[in-house]
Amino acid sequence: VLDDVYNTRAGINGRNDAEQYGGTAVVEYEVNEKITLKNILAYREDTSFQQIDFDSLAVVDVDVPVLYENDQFSEEFQILYNDETVSGVLGFYYLDATAFNEFDVVLGQTGGLLGLPGLNANTLGDVETSTWSVFGDFSVDLANAFGMDTGLELSFGGRYTNDKRTSRILRRTFIGGNSETFGGAATLIATTSDFEASRTYTDFAPRVSISWQPNDDHNLYLSYSEGFKGG
């Protein structure tokens, strides 16, 4: 245990930096008292370069420089409706995103003991997502529609999603320290995995519920819904 929480024996050195930015634009237009149009546009991007010394020792073992690069663009358009009996939304959503990272795992001391000086397990991952969906969700005040004294409401909706994922995973073994990405000149000795594929997933997820409010203090409801996790 070291004398101070800020002390370290970690031997890795180099730059650590991160940059992130993004923006969102929201536009609403009221067609009339019942219908509103809404558009949400957004973009976000970040880049990060970090040096991680997992063993926290001065020896070069489990030293991991890592690069992250991410960006995403999204667009959503909504038609909102509201009157005394019915309220709800119809919409379209689109997302295009890329998630990239690459990192070395340098096992200098361990590699030396194995006769592989500067052993380095390098991993690169690049995942692209392109997804779109159409959705709708409405609530009907049945009590108001039929002149009832107690609250009775029916809600129903659904979402259709088309989700495409494209993935590249590359794992390589070097000797001689860091790879070129991280300022080194290590020698490639093996490619242990080189995977690239694309697949599209589709799904329709419904939702329906009915609720009854016999008084101001109680609400009884029954609901059914399905969900979907893409990719």
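Analysis parameters
- Residues numbered from 1 in each chain as written.
- Predicted model: local features only at pLDDT ≥ 70, side-chain atom pairs only at ≥ 80, totals over all residues.
- Heavy atoms only, no water.
- Core = buried A, V, L, I, M, F, W, Y, C linked by side-chain atoms within 4.5 Å.
- Buried < 20%, exposed > 50% of the residue type's maximum accessible area, 1.4 Å probe, protein only.
- Contact = heavy atoms within 4.5 Å.
- Pairing = 2+ DSSP bridges.
- Helix = DSSP H or I, 4+ residues; strand = E, 2+ residues; numbered from the N terminus.
- Polar contact = N/O pair within 3.5 Å; in protein donor to acceptor, adjacent residues only side chain to side chain.
- 1 Å grid on protein atoms, 1.4 Å probe; cavity = no way out; pocket = protein on both sides within 12 Å on 5 of 7 lines; lining within 4 Å.
- Points joined across faces, edges and corners; volume = space filled by probe spheres on them.
- Salt bridge = Lys/Arg side-chain N within 4 Å of Asp/Glu carboxyl O.

K.L.:
Hey, could you go over the nonpolar core for me, with residue numbers and the actual values?
P.N.:
Residues Phe49, Leu67, Phe100, Leu124, Leu170 and Phe182 constitute the largest nonpolar core, which totals 6 residues. With sequence-adjacent residues up to four places away left out, Phe100 is seen in contact with Leu67, Tyr68, Glu69, Asn70, Leu124, Gly125 and Asp126.

K.L.:
Quick rundown of the pairing of strand β7 (residues 151–175)? Include the residues and the values.
P.N.:
Looking at chain direction, strand β6 (residues 119–141) and β7 are connected through 22 bridges and run antiparallel. For Ser130, the partnering residue across the bridge sits in β7 and is Lys164. As defined by bridge partners, β7 adjoins strand β8 (residues 187–215) across 25 bridges and the pair is classed as antiparallel. Residue pairing across strands places Phe174 opposite Leu188, the latter belonging to β8.

K.L.:
Lay out the side chain of Ser155 with the relevant residues and their values.
P.N.:
Structurally, the position occupied by Ser155 is in strand β7. Among the residues examined, Ser155 registers a relative accessible area of 6% and is labelled buried. Of the polar contacts made by the side chain of Ser155, one reaches the side chain of Ser139; its length is 2.9 Å.

K.L.:
Before we move on, could you go through the layout of surface pockets and cite the residues and values that matter?
P.N.:
Here the largest pocket defines a volume of roughly 160 Å³. Lining the largest pocket we find Ile12, Asn13, Gly14, Phe49, Gln51, Val60, Asp63, Pro65, Val106, Asn178 and Phe182. Looking at the lining of the largest pocket, the elements that each hand over two or more residues are β2 (35–53) and β3 (61–82).

K.L.:
I'd like a rundown of the pairing of β8, residues and numbers included.
P.N.:
Both β8 and strand β9 (residues 218–225) contribute to a ladder of 7 bridges, which runs antiparallel. Paired with Ile210 across the bridge in β9 is Leu222. Here β8 folds back onto β9, and the loop between the two strands holds 2 residues.

K.L.:
Describe the pattern of salt bridges, naming the residues involved and giving the relevant values.
P.N.:
Considering all chains together, one arrives at 6 salt bridges under this definition. One salt bridge connects Arg207 with Asp137, and the closest N-O pair in it is separated by 2.9 Å. Taken as a pair, Arg207 in strand β8 and Asp137 in strand β6 lie far apart in primary sequence, 70 residues in all. The class for Arg207 is partly exposed, based on a relative accessible area of 30%.

K.L.:
For the environment of Thr150, give the residues involved together with the corresponding values.
P.N.:
Mapped onto the secondary structure, Thr150 falls in the loop between α2 (142–145) and β7. The contacts of Thr150, once residues within four sequence positions are left out, are Ala143, Trp212, Gln213 and Pro214.

K.L.:
Talk me through unusual backbone geometry; I want residue IDs and the actual numbers.
P.N.:
Phi is positive for Ser56, which is not a glycine, with a value near 55°. Since its relative accessible area comes to 35%, Ser56 is described here as partly exposed. Backbone geometry places Val62, a non-glycine residue, at a positive phi of 55°. The exposure class assigned to Val62 is partly exposed, which follows from its relative accessible area of 30%.

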